[in-house]
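Overview (structure and organization)
Each chain, written out:
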Protein chains: 2
Amino acid sequence: MPQLRQNLATKQWVVISTERARRPHSLSELQPCQPPDLPSYDPRCPFCAPEERPGEVEVLRLPENGPWQVRIVRNRYPALAPEGDLERHFSGVERWMTGLGYHEIVIEGPRHDLAPARADSDMLYLTLLAFQRRGLMLEQDRRMVYIQYFKNHGAAAGASLDHPHSQLIALPVVPGTRRQRAEEARRYCDERGGCVFCAMLADELRLQSRLVAVNESAAAFVLYAALSPFHIWVLPRRHLANFLEAEPEDIRAVAVCLHQVLWALDRGLNNPAYNYVLHSCPLHDCGREYLHWYITVVARISTMAGFEMGTGMYINPTLPEESAAFLAHILADYPS
Amino acid sequence: MPQLRQNLATKQWVVISTERARRPHSLSELQPCQPPDLPSYDPRCPFCAPEERPGEVEVLRLPENGPWQVRIVRNRYPALAPEGDLERHFSGVERWMTGLGYHEIVIEGPRHDLAPARADSDMLYLTLLAFQRRGLMLEQDRRMVYIQYFKNHGAAAGASLDHPHSQLIALPVVPGTRRQRAEEARRYCDERGGCVFCAMLADELRLQSRLVAVNESAAAFVLYAALSPFHIWVLPRRHLANFLEAEPEDIRAVAVCLHQVLWALDRGLNNPAYNYVLHSCPLHDCGREYLHWYITVVARISTMAGFEMGTGMYINPTLPEESAAFLAHILADYPS
């Protein structure tokens, strides 16, 4: 019997319809999203270049003064650019503003072939630290009001280069979707008190049935109302709206859970394409009481079609509890 | 210089960044979404079956008593099912309701290989009439509050079968996204008076720069704030919220514009994958003043990635005015 489930925080409905899984598709048909024989160094890869080209690239080193592990460079084909004045224009249907912003790449390591799922969790820790470091700098540009941090792994997830990298885009507007999420969280806080994300996390830790990974300071679970079979949230257990204020130990704990999730997806689904996105509160406007920074992971094993496009609702052919059990089973072999 | 554009009706922002188009991707690399040598009849195809199997399939014939041109069948792998009582359950994070609903297929014609872009516009007219005919029946089930009509063409658009078909799903909830759209339209009506869709259509007819097709009763244009290079609305020119009340002549006019759009996409982009979705007001609750039925067409030539997933905003590497000119140029050869 199909079921409609609603996400407590976002209020999004999803159709959980295991009947749909009987269609002639199956997880075992999944092809890996990258050729398995990537070289460790590719001279044609712009991210493999051993040193930055001065004037063209900004660099951060973590740890400072060590050999580079994570570099941040400006995107050569940026969606937004920081130069110019913020203009707005509104005339009938034509409403625009200048595309001011920043679009940067986090090169996650020197090795062309070492994806974060196959490295140790330090690679993700350093990537998240780089997000935070760079976010704190971009926040100084007061024209910016929102930063989206994200990773695309594999062509089906929108990546155009194989070399492990993630991205951040700073925006002069708060995306409408994020305003709606914040508004729902504020409403929960007004009605019930407290943070809806903390409430969800507490429920998931109590129920256990959708938990994938947990440690003292972070947890990962398949969402009760997962929009697709592997739709996962990774949250710090400490309530905090603003990722830019997160303590290194919480970031490390989140990186460890995120690594477990990516490791299990890599093993269980044969290197699937995936995205992760890190959500924090808007800049300068924190919703301290009711927002909570977290990471969403989505394995891209299904295609958005007309129903999803039209309604914003999704059809998930897998029970979230079964997806969680699948990943937890794989994680029994996770190296300790 | 990149630009942020906002859709007047939906308030969605999009980044228009032609710089992004310089990345190593190009439209000319597009592969057709279907093998070019489909047979006109495929004995393995369930939609090619010359007659319905009694008890398993519902059939509509248009015109009645003629040979079948359009059939409506229940989806064998339905996302939702009509049997049972509507139960709701809310306990902490676990919020669900019974997945009551209808999931039906419109088989658009007997020929396995004849996609609507390559048939004449009657095929689309009959499909839209079938949507309306079936919508009027499903509306009688008072548990249903919303119907989404849609088509997926090609695997990249979520289709799992080649035989031309479209679908409709009746839901016991109004999707959150549709509620937000209706709320924006109501707000416009309160502030400015009238229908925001009529206002947009009037602007596009006056400006002409994004028009793709127009006739006495309908028009098609690339959106000013198109989320992707070929993101197109097809609207009846007569204000009407409820598709189920549309007159046959308006449906025919919309079908003609839709056909011109699909014909131009087929020629210009080499049979791309695409979706179209038909939006009408919620059932029994019409927003008569401020809603307007219409069809959205999206060619699936780009991949949603982490930025889009995180923010709900999109990055469009093509100027909508250039996309419209590209299609209008192709339509100079449209058979009259």
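For the structure, see preceding data.
In this report, the structure presented in the accompanying data block is examined. Fair warning: this is a prediction, and the values are worked out from it, not measured in the lab. Positions within a chain are numbered from 1, following the residues in the order the chain's sequence is written. Chains and ligands are labelled sequentially in the order written, the chains with letters from A and the ligands with numbers from 1. Reporting in this predicted model follows two pLDDT cut-offs: at least 70 for local features of residues, and 80 or more for side-chain atom pairs to be given and counted; totals over whole chains, interfaces and linings ignore these cut-offs and use all residues.

**Details of the overall build of chain A**
Rule in force here: Helical segments are the DSSP runs of H or I of at least four residues, strand segments are the runs of E of at least two, and each set is numbered from the N terminus. To get the radius of gyration, use the C-alpha atoms; to get the globule rule, take the number of residues to the power 0.38 and multiply by 2.2 Å. Here a residue counts as buried when 20 or more other C-beta atoms fall within 10 Å of its C-beta, as exposed when 12 or fewer do, and as partly exposed in between; the C-beta atoms come from the backbone. Here, residue contact means that the backbone-derived C-beta atoms of the two residues sit within 7 Å.
When its secondary structure is counted, chain A shows six helices and 14 strands. Over its C-alpha atoms chain A spans a radius of gyration of 20 Å, differing by no more than 12% from the 20 Å that the globule rule assigns to 336 residues. C-alpha extents for chain A along the principal axes are approximately 60 × 50 × 40 Å. Relative to its 336 residues, chain A shows a buried fraction of 51%. Sequence separation of at least 24 residues holds for 72% of the intrachain contacts in chain A that already meet a minimum separation of 6.

**As for the relation of the copies chain A and chain B**
So the rule is basically this: All copies are superposed by least squares; the fitting set is the C-alpha atoms of residues with a pLDDT of at least 70 in both.
When chain A is brought onto chain B, the operation consists of a screw motion whose angular component is 180° and whose axial shift is 0.0 Å, with 0.0 Å RMSD remaining. Considering both components of the superposition, the chain copies are consistent with a two-fold axis. Of the interface residues in chain A, 100% have counterparts in chain B that sit at the interface too, so the contact is made through matching surfaces.

**Observations concerning the sheet that holds strand 5 (residues 94–98) of chain B**
Convention followed: By the convention used here, strands pair only if DSSP detects at least 2 bridges between them. Only C-alpha atoms enter the line fits that serve as axes; for helices the fit covers just the stretch in contact. Angles between N-to-C directions range over 0 to 180 degrees.
Read from one edge to the other, the open sheet built from five strands follows the order 14(A)-2(A)-1(A)-5(B)-4(B), with strand pairing classed as mixed. Of all the strands in the sheet, just strand 14 (314–316) of chain A together with strand 4 (88–91) of chain B have a single pairing partner and so form its edges. Between one strand axis and the next, the sheet turns by 25° as a mean value, whatever way the strands run. Across four bridges, the pairing between strand 4 of chain B and strand 5 of chain B is antiparallel. Residue pairing in the sheet places Phe90(B) in a bridge with Arg95(B) of strand 5 of chain B.

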